[in-house]
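# Summary of the model geometry
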Amino acid sequence: MSDPRKAEPLIQARNLTKHYEKGQTHALRGVNLAIKAGEFVAIRGPSGSGKSTLLNMIAALDRPDSGEIRVAGQDLTKLRDGASYRAHVVGFIFQLHNLIPTLTAFENVLVPMLELKIKRKASREKAETLLHQVGLNGKADNLPPELSGGERQRVAVARALANDPQIILADEPTGSLDTSNGEQVIELLRKINREHNVTLILVTHDKEVAGIADRVIQIRDGQIVSDK
Amino acid sequence: MSFWGLILKNLWRHKIRNGLTLLGVSIGVATILALGLLMNGFEQSLGETLRAGKTDFSVMSADAPAILFSAIEESKLEEIEHLAGVDHAAGSLLAITSFLNNPYFFSIGVEANDLDFLGVKIVEGRAFGPQAPDEILLGKTSAGNGNVHVGDKVTMGTKEFQVVGIYETGNAWEDGGAFANLATIQQWQHKEGQVSLVAVKVKDGFVADAVASTLKAHFAGQFVTMHSIAESENFLHSVGIMQAISWAVSILAIGIGGIGVMNTMTMAVFERTREIGILRAVGWRRRRIISMVMGESITIALIAAVLGFIVGILAVKGLLLVPVVKGYLTPVYSIMLFVRAFGIALAVGLLGGLYPAYRATRITPTTALRHE
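It should be emphasised that the depicted structure is a prediction, and the values quoted were computed from it without experimental measurement.

This paragraph deals with the sheet that holds strand β9 (residues 215-220) of chain A. Residue and element names in this part refer to chain A. Judged by pairing direction, the sheet is mixed, and its six strands sit side by side in the order β6-β7-β8-β3-β9-β10 without closing on themselves. This sheet does not close on itself; its edge strands, each paired only once, are β6 (90-93) and β10 (223-227). When the angles between neighbouring strand axes are averaged without regard to direction, this sheet yields 20°. Of the strand pairs in this sheet, β9 and β10 are connected by four bridges, and their pairing is antiparallel. Residue pairing for β10: Ile 217 is matched across the bridge by Asp 227.

Quick look at the sheet that holds strand β4 (residues 66-71) of chain A now. Residue and element names in this part refer to chain A. Strands sit in the order β2-β1-β4-β5 across an open sheet of four strands; the sheet is antiparallel. Edge positions in the sheet fall to β2 (25-35) and β5 (74-75), since each of these pairs with one other strand and no more. Sheet topology note: the β4/β5 ladder contains two bridges and is antiparallel. Bridged to Val 71 within β5 is Gln 74.

Looking now at the packing of helix α4 (residues 105-114) of chain A against helix α5 (residues 120-133) of chain A. All names here are of chain A. The geometry of α4 relative to α5 is characterised by a closest axis approach of 9 Å and an angle of 125° between their N-to-C directions. Between α4 and α5, the crossing angle belongs to the class labelled oblique. Handedness of the α4/α5 crossing: right-handed. Here Ala 105, Phe 106, Val 109, Leu 110 and Met 113 of α4 lie close against α5, whose contacting residues are Ser 123, Arg 124, Lys 126, Ala 127, Glu 128, Leu 130 and Leu 131. Taken together, the residues of the contact of α4 with α5 break down into eight nonpolar, one polar and three charged.

Glancing now at the packing of α4 of chain A against helix α6 (residues 149-161) of chain A. Residue and element names in this part refer to chain A. Contact geometry of α4 with α6 gives a least axis separation of 7 Å together with a crossing angle of 30°. Looking at the two axes, α4 sits roughly parallel to α6. Remark: the crossing between α4 and α6 carries right-handed chirality. Seen from α4, the contacting residues are Ala 105, Asn 108, Val 109 and Pro 112; seen from α6, they are Val 155, Ala 158 and Arg 159.

So, about the interface of chain B and chain A. Listed by partner, the interface residues are 22 residues for chain B and 26 residues for chain A. Summing both sides of the interface, chain B and chain A together bury roughly 2,400 Å²; the carbon and sulfur share of this comes to 59%. Put simply, chain B and chain A have four salt bridges between them. Counting across the chain B and chain A interface gives eight residue pairs in polar contact (both at pLDDT 80 or more). With six residues, the top contributor of residues to the side of chain B that touches chain A is helix α9 (residues 273-281) of chain B.

Now for unusual backbone geometry. Even without being glycine, Ala 72 of chain A reaches a positive phi, approximately 50°. Here Ala 72 of chain A lies in the loop between β4 and β5. Phi angles above zero are rare outside glycine, and Ala 220 of chain B is one such case at about 45°. With respect to the helices and strands, Ala 220 of chain B occurs in the loop between α7 (208-218) and β12 (223-226). On the basis of relative accessibility, which here comes to 67%, the residue Ala 220 of chain B falls in the exposed class.

To continue, consider a positive patch on the surface. Residues Arg 80 and Lys 117 of chain A together with Arg 286, Arg 287 and Arg 362 of chain B make up a contiguous surface patch of positive charge. Position of Arg 80 of chain A relative to the elements: it lies in the loop between β5 and α3 (83-89).

Taken domain by domain, chain B holds domain 1 (3-47 + 236-370) and domain 2 (52-227). For domain 1 of chain B versus domain 2 of chain B, the separation of C-alpha centres amounts to 46 Å.

This brings us to the packing of aromatic side chains. Residue and element names in this part refer to chain B. Applying the stated criterion across every chain yields a total of eight aromatic pairs over all chains. Ring geometry for Phe 219 against Phe 223: centres 4.8 Å apart, planes inclined by 55°, an arrangement best described as tilted. Exposure remark for Phe 219: the relative accessible area of 3% places this residue in the buried category. A relative accessible area of 5% means that Phe 223 is categorised as buried. Pairwise contacts between aromatic rings join Phe 309, Tyr 333, Phe 338 and Phe 342 into one cluster. Above the face of the Phe 3 ring, Arg 288 is positioned so that its terminal group lies 4.9 Å from the ring centre.

All names here are of chain B. A cluster of nonpolar side chains, Ile 16, Leu 20, Leu 23, Ile 27, Leu 307 and Val 311, forms an exposed patch at the surface whose accessible area comes to about 560 Å². Those elements that provide at least two residues to the nonpolar patch are α2 (15-49) and α10 (286-319). Positionally, Leu 23 belongs in helix α2.

Rules used in this analysis
- Residues numbered from 1 in each chain as written.
- Chains lettered and ligands numbered in written order.
- Predicted model: local features only at pLDDT ≥ 70, side-chain atom pairs only at ≥ 80, totals over all residues.
- Heavy atoms only, no water.
- Pairing = 2+ DSSP bridges.
- Helix = DSSP H or I, 4+ residues; strand = E, 2+ residues; numbered from the N terminus.
- Axes fitted to C-alpha atoms, helices over the stretch in contact; angles between N-to-C directions.
- Parallel < 35°, antiparallel > 145°, perpendicular 65-115°, else oblique.
- Left-handed = near helix turned anticlockwise from the far one by under 90°.
- Contact = heavy atoms within 4.5 Å.
- Nonpolar A, V, L, I, M, F, W, Y, C, P; charged D, E, K, R; others polar.
- Buried area = accessible area lost by both parts, 1.4 Å probe.
- Salt bridge = Lys/Arg side-chain N within 4 Å of Asp/Glu carboxyl O.
- Polar contact = N/O pair within 3.5 Å; in protein donor to acceptor, adjacent residues only side chain to side chain.
- Buried < 20%, exposed > 50% of the residue type's maximum accessible area, 1.4 Å probe, protein only.
- Patch = residues over 30% accessible without salt bridge, like charges linked within 9 Å, V, L, I, M, F, W, Y side chains within 5 Å.
- Areas by Shrake-Rupley, 256 points an atom, 1.4 Å probe, with all protein chains shown as cover.
- Lys, Arg positive; Asp, Glu negative; His and termini not counted.
- Charge placed at Lys NZ, Arg CZ, Asp CG, Glu CD.
- Domains from an automatic or database assignment.
- Phe/Tyr/Trp six-rings, centres within 6.5 Å; stacked < 30°, edge-to-face > 60°.
- Lys NZ or Arg CZ within 6 Å of the ring centre and 35° of its normal.

Spelled out as structure tokens, the structure:
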């Protein structure tokens, strides 16, 4: 009775390599990785270890020089433009200057939905629900500069959820926040991971942040050195 | 917020910069429109000149570079009248003088009994007498411009005239001029026994074109005939020059406007590198990025077109308040002119947006996100 596709991990990377600067820098050297749907994975490592490169490959923002990466049944190395894949499968959260500064919190959440064929009314309702979920009901009409760092990052979380993604990729989401705001954002992500069964992959160099995840993958010099 | 709303918001971010670009494009559109309106008017009023009155066609000398230089011996008038099919032939002598603050004042010498035939309608006073060398008729526009009334004395060159009437022909050039006795103008211009044009009326039952051919054959190529000035080669030549100028201005406007829009939009794309990276990262396809950038540049151009229409029309209206111009230039509005100006603005938006849109698609999210 088992559907082979269900048994397949959501993200499957085989022997990924990536070189930068004409082969001088090895960002990834043969990374093998399998992540199941619904997992909360932290990728840890010092800067320059290749953790962001790996995240970019899962987002189809970057291509490996060799190796294979499949996400949700799609071979990402074969995509001409990863935009459509990102629009449907992935939600992205960055460290800094994440939002369009001239759009309100509400409008920022609407941005990914402009690419999807969602009716105006439905997308507005969705954006409202999402802002409510991240605890920003009263701040919908505020512009990013009027929000605190923690609030801005929560808008980014709401925006990442706007397309009902299977995977949320977060690149140092707490990197520019103080401890208390950082904890709140991680707590929110954790909650979303549990309640929506969204796979959460978080890149961080912070040991404590990584500690909250179910699984921690350590990267050093482009290779996975531990996975538990 | 819709996609269109986002485009407007993006433009509003740099109101002054985009406003100045918009102003530049709108000046281009206004210039094209104003030139076109006046050119249309010029063509139309010249086209009317010889159609006025009961005339079927006009005769001018074949070797004259322009109507003003056409010279026909007055004695030929009788010969023309005796040709088969000719009902009446009226000679007129054109002269340009400085008069009533206008350095290019048109005075036309005709026989008093030909005034009605030539379509000159007296609206005030009376026509000049056949033997009255000092009497003059002023056009409605010239009388208005010079604030001259029936009974006033006016000086033209060194000669003094008595204004006996005000006329109207409906033609801007003629209404901005004056009519006097043919002999008076001949004497004054030292062109005794000469006329510039001969207006011909064809007898009932004859075809104007056939009579014109007979006339040309009779005078063995000495004369050319036209139904309007618009048919003369010189006129076509001048219109050709004007059209070339108008196109040159249009091309300049496209070039300058396009570069202006391109500059503004390229700057906007560079400034928004990180933002464009974010949009790509959240799933926007290249096509949507192109639509956004092109949408912004086309919006600038189209708003500029509307502003340009308003400025262009106001500029022409303003120009018509200048006494020298008033009456000579009548703007003629045509849909085609607006369509053309609008098309040019659209071209400016499209051309100006192409390069920045291309640059925007070259932004890779990974590099953009490292961009502070």
